[in-house]
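Residue strings, one per chain:
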Amino acid sequence: MLAAMPPTPPSAPERGEARIRDRGDACPGALRLHTADDGRLARLRLPAGRLTARQIETLAHAAESLGDGRISLTSRGNAELRGLAEGCGAELAALLAEAGLLPSPTHERVRNIVASPAAGLDGLGGPEVQLWARELDELLCAEPWTAALSGRFLFVLDDGRGDVAGLGGDVTLVAVERGSSSVSSASFSSSALLYVGGRAFRVGGADAPRAALAAAGAFLDAAREAGNGAWRVRELPAECAPDVAGALDRAGIAAEPVPAAESLLVLGPPPAPGPLGPTALYVLAPLGRLTAAQLRALLPAEEVRLTPWRGAVVVGATAEAGRLAGLTSYGLITRPDSPWAGVTACTGLPGCAKSLADVRADAHPGALGLPVHYSGCERRCGHPHGTWVDVVATADGAYLVDGAPIPRTALPEAVTTARTTTPATTTTR
Ligand code: SF4
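What counts as what
Residue indices follow the written sequence of each chain, beginning from 1 at its first position. Whole-chain, interface and lining totals are the exception, using all residues; otherwise, since this is a predicted model, local features are given only for residues with pLDDT of at least 70 and side-chain atom pairs are given and counted only at 80 or more. Side-chain descriptors were evaluated using all non-hydrogen atoms of the structure, hydrogens and water having been removed beforehand. What counts as a helix is a DSSP run of H or I of at least four residues, what counts as a strand is a run of E of at least two, and both are numbered from the N terminus. Classification of residues uses two cut-offs on accessible area relative to the type maximum, computed with a 1.4 Å probe and protein chains only: under 20% is buried, over 50% is exposed, and between them is partly exposed. Computed by Shrake-Rupley with a 1.4 Å probe, the accessible areas treat only the displayed protein chains as cover when residues are assessed. Two aromatic rings, drawn from Phe, Tyr or Trp (for Trp, its six-membered ring), form a pair once their centres lie within 6.5 Å of each other, and the interplanar angle then sorts them: stacked below 30 degrees, edge-to-face above 60, tilted otherwise. Every residue pair with non-hydrogen atoms within 4.5 Å of one another is taken to be in contact.

Asker: Break down the overall build of the protein for me, citing the residues and quoting the values.
Answerer: Along its length, the protein carries 9 helices and 22 strands. Looking at the 429 residues of the protein, the share that counts as buried comes to 55%. Total accessible area on the protein stands at roughly 16900 Å², and carbon and sulfur atoms take up 55% of it.

Structure representation (structure tokens):
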């Protein structure tokens, strides 16, 4: 397992709580638009971040004709359209449905599936997780009961390299190595470890998507029993742990309980911008946002996979024939030594009423080093996982950099220092 970054322990369970909420989640979707200060917002779930060429053209067209011309990438590899005009919902839905981006109107917000984006491309990890993601999505959309999952419930499918296993999934599948210390594709057998709420099971690879679905069902049963309105597994009280073993048994899935070595759920390094194996390129979106032109610049491609690090894997593209240079010319981040690699920001002003600053305008990369996230308020929406530099706007027009007050004009120097300081002194969440 590769793990260059310090491990991120799974979030501590919040056990023994009384009822935590009395309402359904208000997560935006493609059909349930959110009202923001810069207009309506639509969030499109893209299992494994996958977009076909046609879907890319549709998204770019929707952003230009209905929104503000940009596409935001989320920390789950989903896409958001902002600045949508009032009353455009039906037209947007028709566009998305036509492109196959709305396979089930009743399930559009529960298709939260993150998968190792480089799986099958660079010879590392188990290539089958991309197929697992598609099968799990089909299973989710086919079952009426899964529509009861919250829009925040997350499935994570890691190909064994550890790049996404630590992203805090409610149900996590990790492809299993065949006893080799290598993580090459050839060393993987077709089996998986299933992690749910501090328990782990080994299941056959062919059963992995169905096992994830069964685990989600066990969560819903536990949430009903708990009656506390839990949206996520960690919100269940200890006495209402999901009966995953029973759910697997009822689904006819052979499963072997194994010690839940949560140390395996570490956060490994994300791909580096540039060539990714022999047939793909990886680019990052500056501050996590693409213009419609930048999105179209990813074509031609066999497919594109948006990543939880606000990037895009372009499958079927190589660095030859000037393709990388072409992407660079559109302002995309194509080199691992770009100081903008790892720099993210929340929406901030003017899109978010809660923001104390236009953080996207104020964001400075500092020097290349730890990831850095700029937030307009203490909610820190969309912050990265693992170890990162925390920059938060304050009411007096200044910022806190890892908790230290810094005038806006001194941000470049302060961020440089924080990004290049050893992780032990920086923020880990
Ligand atoms: S972190 Fe605060 S300012 Fe930024 S998007 Fe979230 S709520 Fe808005």
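Asker: Which residues make up the packing of aromatic side chains, and what are the values?
Answerer: Applying the stated rule across the entire model yields 3 aromatic pairs. Centroid distance Phe153 to Phe219: 4.9 Å. Interplanar angle 35°. Geometry classified as tilted. Placement of the pair is Phe153 in the loop between helix H3 (129-142) and strand S7 (155-158) and Phe219 in helix H4 (residues 208-226), with a sequence separation of 66 residues. The same class applies to Phe153 as to Phe219, namely buried. Each ring, one from Tyr374 and one from Tyr399, has its centre 6.4 Å from the other, and the planes form 80°; the classification is edge-to-face. Of this pair, Tyr374 sits in strand S18 (residues 372-375) while Tyr399 sits in strand S20 (residues 399-401), and the two are 25 residues apart along the sequence. Across the pair, exposure class does not vary: Tyr374 and Tyr399 are buried alike. Linked through ring pairs, Phe153, Phe155 and Phe219 together constitute an aromatic cluster.

Asker: Pulling in residues and values, what's your account of the environment of Asp358?
Answerer: One can find Asp358 in the loop between strand S17 (343-345) and helix H8 (359-362). Residue classification places Asp358 among the partly exposed positions, given a relative accessible area of 33%. Along the chain, Asp358 and Gly376 lie 18 residues apart, while their C-alpha atoms are 7.2 Å from each other. In this structure, Asp358 is in contact with Leu349 and Tyr399, ignoring residues within four places of it in sequence.

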